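# Residue-level structure breakdown
Next come the chains, spelled out residue by residue.
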Amino acid sequence: MTVVASFEIEYLQFLDQLGRVSQPLPGFARDPRALVPLYRAMVLARTFDTKAVALQRTGQIGTYASSLGQEAVGVGTVGALRPEDVFLPSYRESGGLLLRGVTMEEMLLYWGGDERGSDFRVPRQDFPICVPVGSQASHAAGVAYAFMLRRQARVAVCMLGDGATSKGDFYEAINFAGVRALPAVFVVCNNEWAISVPRALQSAAKTLAQKAIAAGIQGVQVDGNDVIAVRFAVERALDQARDGGGPSLIEALTYRLGDHTTADDSSRYRDAEEVKQRWAHEPIGRLRNHLVEQGAWGKNEEEALHAECTERVQKAVDAYLAVPQPPPEAMFDYLFAQLPRPLQPQRTAAAQESGHG
Amino acid sequence: MAEVNMVQAINMALAHEMARDADVVVLGEDVGANGGVFRATVELQKRFGAGRVLDTPLAEALIAGVSVGMAAQGLKPVAEIQFTGFIYPALDQIVNHASRLRHRTRGRLSCPMVLRSPYGAGIHAPEHHSESPEAMFAHIPGVRVVIPSSPLRAYGLLLAAIRDPDPVIFLEPTRLYRLFKQEVPDDGEAQPLDACFVVREGKDVTLASWGASLHETQLAADALAQEGIRAEVIDVATLKMLDMDTILESVGRTGRCVIVHEAPGCAGFGAEISAQLAERGLLNLLAPLQRVTGYDVVTPLSRLEQAFIPSVKRIVDAVHRVMEFA
Amino acid sequence: MRVFKLPDLGEGLQEAEVVEWHVAPGQEVGVDQPLVSVETAKAIVDIPSPWPGKIARLYAKAGDVVQIGAPLIGFEGGEDAADAGTVVGAVQVGQDVVTEEASVVAAPAAVSIKAAPAVRALARQLQVDLSMVTPTGPDGAASAEDVRRAASMLAEIGPRLPLRGVRRAMAQNMALANAEVAAATIVDDADIHAWRTGTDVTVRLLRALVAGCRAEPSLNAWFDGRTMTRRVIGKIDVGIAVDTPDGLFVPVMRDVGNRDTADLRRGLDAMVADVKARKIPPEELRGCTITLSNFGMIAGRYAAPVVLPPTVAILGAGRIQDEVVAVNGAPAVHRVLPLSLTFDHRAVSGGEAGRFLAAVIAGLRRPE
């Protein structure tokens, strides 16, 4: 038999499930104090996330998609980005968005049903949350193409879920990115569940990372609950892309500890025992163990961080709750650069209905 | 000044705008080396390079999605979908993203893209190559739908579409691609979007049409003139955003309206014009409205396509019917 | 019963104190409706209902401290698990069972004049009633030319004024009657030569009507053409046509058959006075069983007055005058009262009508 192609998928992990170093740490992680910002970002992400769920339960925002358990994927990914890069999230990416500079108030506005939440003050060119699954992948390819055409040292980084890798959009995008050697990184956050469909029913491929092979690009698998591994893999992919080395795909293995959304009840389709067991692998405790073991973190710091995060989240909630309802005529604003004349009477009618006249 | 057909006019507009604006990018299947299957993009890659004129893989959803990403970064992508028969995978990106990117980010991001595609029957093409889906796109809030009816219009309207800061679906009537020529000055002058054009003045009846059907409509107007019936002919050109005022003004004078389009009648764009006439121009109507359209059937294969396309005779007959109402 | 447990309210808090219940057992609540206010260490928070339903049980009372995850409120019916039945938003669940009644497609209403909108606008502008236009356009539609033709015709006639009040009612009632009733009329004369001077004409007519009803009760009846039913009525309530400057009124004299002459006269006088003063209550204008029209007080000998449904007969009395009649083979001048009886031939036969009239005439011929 003549073999014309074969492939290998690398797996990366630096901290095992208990937080013990399993292989020599990469440069940026050797000083544990350098990891503290990542830890803080994950704790803030989880604090915000918990609050967001509670806000939904008390009727103050609408349906919300929690990132519980996968904080290291978003934080590790965004931690490697430069401000001039462009981030294209899925809809389960609170931790990553927060680290990018999207404010909690903006995120609450989005989930509270207000378009102003996507008018990011800080990351002006990042894409907003993407609901049609996987459709952001070709946007990332388009953004990356613009970078390449203009010879800019910038990278488009796209987050996707395991379910998204079944979408045509995904295959088409990585295929195009590959054939054009675009400066793009596709991070697949494999949390093992697409609503109620488990990973085993999503694809027969042994790894999702190997879908990269079909696109002719690099694919690597990382322990998604090890923020060091995620950060390392994404930074390596970014460097490669920035240097003209083309796109890559990173599959980050994690577990969705929460429900699909606040309207979902995952106990309908998965075992509570399984969820309980996976809690032992979650990313925040793991990094904390390492930091504590390294002497870079302790009880005082933990308490102070929790207090700080709680206060920051509450301030954001207060600010969100104080935002007044948009007027009905806001539906017409930003539909086009300039509202076409035929729509003016409709805008007036909508305003008058509400008494704004 | 050259006498050019519609395809050549489109090519001229693309070349003109790509020279004027470095952000304009052309993408699609076979648009580069091959110059497009209808030759709409000939010579562009040679002139502007493979970076700005790119042959994409065979993936229509990708073409539209990549255009969204490019446009968000301030490029002006002009994407070609080879035939509207293949445009449907791109619908997701158009509806869910292109049409609403500005709206949902409150103007932070926007989508100045053009999606151009040949449409319509009459070139004896294989199946799926002959449909008219303009009504589907007209129903989407946040996009424009523009249809040229002549080389002059194609040149001017395509320039306007590329320059417009929001998404435009530009449907090119395949049947008119090479049917006739016009003198088209390559002066970079855009024609107005959101405007209907009165291409012939008359007082007895208003004929409103667009695209390839405008051709038959003009021929019908000629025939009617022989009988002493003076038809006013309106080229709708921009279906969305529709310039209803021009149509209302015309029907206000003639009192009779016949709408002609190749797409099937049910929920076709003629229905929108009829509804607006009923809402805003009812009291001026001397006669019932008439729509002369494709039948509500799957666009037939080429043997029957001439039976499907609204003929000059069907248009003339419709005018006769409304002229009975004095 | 479905149990809703106290949800996590955030901030790591493990419990909350119930401040105030907003619902009670037995109450129906909708999704998002506030159930209870609870106080955490930080603030008082409202808990909205996660789904619609009927409250079965409250697991705590005001002042109780409830742990996160502990039962808070029970809803009737359903499984334990909180199945929202969606993964986004909140789908309203209603308990109403809707039944549809079979409906019958009504027969198309009478077709009014067809005209294009511009033609209608022209008709309005020229104040032309389209029903007056003879259509000559295609499809039987009126054309602008037709409208203009009608307009020039109507220009020679005066303006149209809408009918109101009593005139309007008369127009409506007579139209209704005309559409329904199969009217037939018998005329004859009553020789009242024998009357003493000062005889009360209307009272005599009423007494004669009673005689007629006694002879042929079927003319004192109500008939319903739709259901093909007839009610022969014992009590005789006579509707009396009264002419006033305001128009035609038909007040009712009740139970004429059981009242004496003096009573009838008093009743008539009161009735006329009330009508003139417009004081008659609406119920006194309704429910007559037979009608009397003494049009002869103004002018006219014979008439075919209109039978008003549901009654089936109307007696018309014409102008009393001297006429030459034959008495024992020789001419004589006698006072004669012309009579017209119009009856609804759907409910009354010619023979019945004839016998009725004969009895009326016999009654009138008597001296008193």
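Residues numbered from 1 in each chain as written. Chains lettered and ligands numbered in written order. Predicted model: local features only at pLDDT ≥ 70, side-chain atom pairs only at ≥ 80, totals over all residues.

Bringing the overall build of chain B into the picture now. Assigned secondary structure in chain B consists of twelve helices and 14 strands. A compact globule built from 326 residues would reach a C-alpha radius of gyration of about 20 Å, and chain B, at 19 Å, matches this within 12%. Considering only C-alpha atoms, chain B reaches an extent of 60 × 40 × 40 Å along its principal axes. Going through the 326 residues of chain B one by one, you find that 60% of them count as buried. Taking all contacts inside chain B whose residues are at least 6 apart in sequence as the whole, residues at least 24 apart take part in 81%. (Helix = DSSP H or I, 4+ residues; strand = E, 2+ residues; numbered from the N terminus. Rg over C-alpha atoms; globule rule 2.2 N^0.38 Å. Buried ≥ 20, exposed ≤ 12 C-beta atoms within 10 Å, placed from the backbone. Contact = placed C-beta atoms within 7 Å.)

On to the overall build of chain C, then. Secondary structure summary: chain C contains six helices and 21 strands in total. In terms of overall dimensions, chain C is more spread out than a globule: its C-alpha atoms have a radius of gyration of 38 Å, far above the 21 Å expected for 368 residues. Projecting the C-alpha coordinates of chain C onto the three principal axes gives extents of approximately 125 × 65 × 40 Å. With 368 residues in all, chain C has 27% of them scored as buried.

With 31 residues of chain A at the interface, the matching set in chain B holds 34 residues. For the side of chain A that touches chain B, the elements supplying multiple residues, two or more each, are α5 (136-149) and α6 (168-179) of chain A. Considered class by class, the residues forming the side of chain A that touches chain B number 18 nonpolar, seven polar and six charged. (Nonpolar A, V, L, I, M, F, W, Y, C, P; charged D, E, K, R; others polar.)

Before going further, it helps to spend a moment on the sheet that holds strand β4 (residues 34-39) of chain C. All names here are of chain C. Taken in spatial order, the four strands line up as β5-β4-β2-β7 in an open sheet, and their pairing is antiparallel. Two strands lie at the open edges of the sheet, namely β5 (44-48) and β7 (65-67), each paired on one side alone. Each strand of the sheet is rotated relative to its neighbour by a mean of 45°, with strand direction disregarded. Pairing geometry for strand β2 (residues 15-21) and β4, over four bridges, is antiparallel. Looking at the pairing, V18 lines up with V38 of β4. (Pairing = 2+ DSSP bridges. Axes fitted to C-alpha atoms, helices over the stretch in contact; angles between N-to-C directions.)

All names here are of chain C. Every buried residue of helix α2 (residues 144-154) is listed here: A144, D146, V147 and A150. All buried residues of α2 lie within an arc of 155° about the axis, which places them on one face of the element. Exposed residues pointing more than 90 degrees away from the buried face of α2 are listed as E145 and S152. For α2, the secondary structure elements touched by its buried residues are α1 (117-125) and β10 (141-142). (Arc of directions from axis to C-beta.)

Our focus in this paragraph is the environment of C:A116. Mapped onto the elements, C:A116 comes out in the loop between β9 (114-115) and α1. Of the residues examined, C:A116 has 26 C-beta atoms within 10 Å and is grouped as buried. Distance from C:A116 to C:A141, taken between C-alpha atoms, is 7.6 Å for residues 25 residues apart in sequence. Excluding residues that lie within four positions of it along the chain, C:A116 makes contacts with B:L285, B:L286, B:A287, B:F325 and C:A141.

What follows deals with the pairing of strand β20 (residues 321-327) of chain C. Of all seven residues in β20(C), zero are buried, a share of ten percent or less. Where β20(C) folds back on strand β21 (residues 330-344) of chain C, the antiparallel hairpin that results is connected by two residues, among which C:N328 adopts a positive phi of roughly 50°.

In this structure, A:A184 and A:V187 are the most contacted members of the largest nonpolar core, which totals 228 residues. For this core, the element with the most residues is helix α1 (residues 36-57) of chain A, which contributes twelve residues. The contacts of A:V187, once residues within four sequence positions are left out, are A:V73, A:T77, A:V157, A:C158, A:M159, A:V234, A:I250 and A:A252. In this structure, C:A221, C:I240, C:L292 and C:V312 belong to the second largest nonpolar core, which totals 45 residues. (Core = buried A, V, L, I, M, F, W, Y, C linked by C-beta atoms within 7 Å.)

Attention shifts here to the domain arrangement of chain B. Residue and element names in this part refer to chain B. By the assigned domains, chain B splits into domain 1 (2-184) and domain 2 (197-323). The C-alpha centroid of domain 2 is placed 26 Å from the C-alpha centroid of domain 1. Contact with domain 1, which involves 24 residues of that partner, is made by 24 residues of domain 2. Looking at the side of domain 1 that touches domain 2, the elements that each hand over two or more residues are α6 (134-138), β6 (144-146) and α7 (151-163). Considering only residue class, the side of domain 1 that touches domain 2 consists of twelve nonpolar, six polar and six charged. (Domains from an automatic or database assignment.)

What follows concerns the sheet that holds strand β8 (residues 71-75) of chain C. Residue and element names in this part refer to chain C. Taken together, the four strands give an open sheet; going across it, the order is β1-β8-β6-β3, and neighbouring strands pair in antiparallel fashion. Each having just a single partner strand, β1 (2-5) and β3 (28-29) make up the two edges of the open sheet. Sheet analysis places strand β6 (residues 53-58) next to β8, joined by three bridges and oriented antiparallel. Bridging from a neighbouring strand, R57 pairs with G74 of β8.

The subject of this paragraph is the packing of helix α3 (residues 60-72) of chain B against helix α4 (residues 91-98) of chain B. Residue and element names in this part refer to chain B. Running from N to C, α3 and α4 point in directions that differ by 25°, and their axes come no closer than 8 Å. Taken together, the axis directions place α3 and α4 in an arrangement best described as roughly parallel. Across the interface between the two elements, A61, A64, G65 and V68 from α3 touch D92, Q93, I94, H97 and A98 from α4. Of the residues contributing to the contact of α3 with α4, the split by class is five nonpolar, three polar and one charged. (Parallel < 35°, antiparallel > 145°, perpendicular 65-115°, else oblique.)

Moving on: the domain arrangement of chain C. What the domain assignment lists for chain C is domain 1 (2-75), domain 2 (127-160) and domain 3 (166-365). Here domain 1 of chain C and domain 2 of chain C have C-alpha centroids that lie 73 Å from each other.

When the pLDDT values of chain C are averaged, the result is 88; 95% of them are 70 or greater. The ipTM value of the predicted complex is 0.94, and its pTM value is 0.77. (pLDDT = per-residue confidence, 0-100.)

Interfaces are often sized by the amount of accessible area the parts lose when they come together. In this complex, chain B contributes ten residues to the contact, which on the side of chain C involves eleven residues. Its residues placed into classes, the side of chain B that touches chain C shows seven nonpolar, two polar and one charged.

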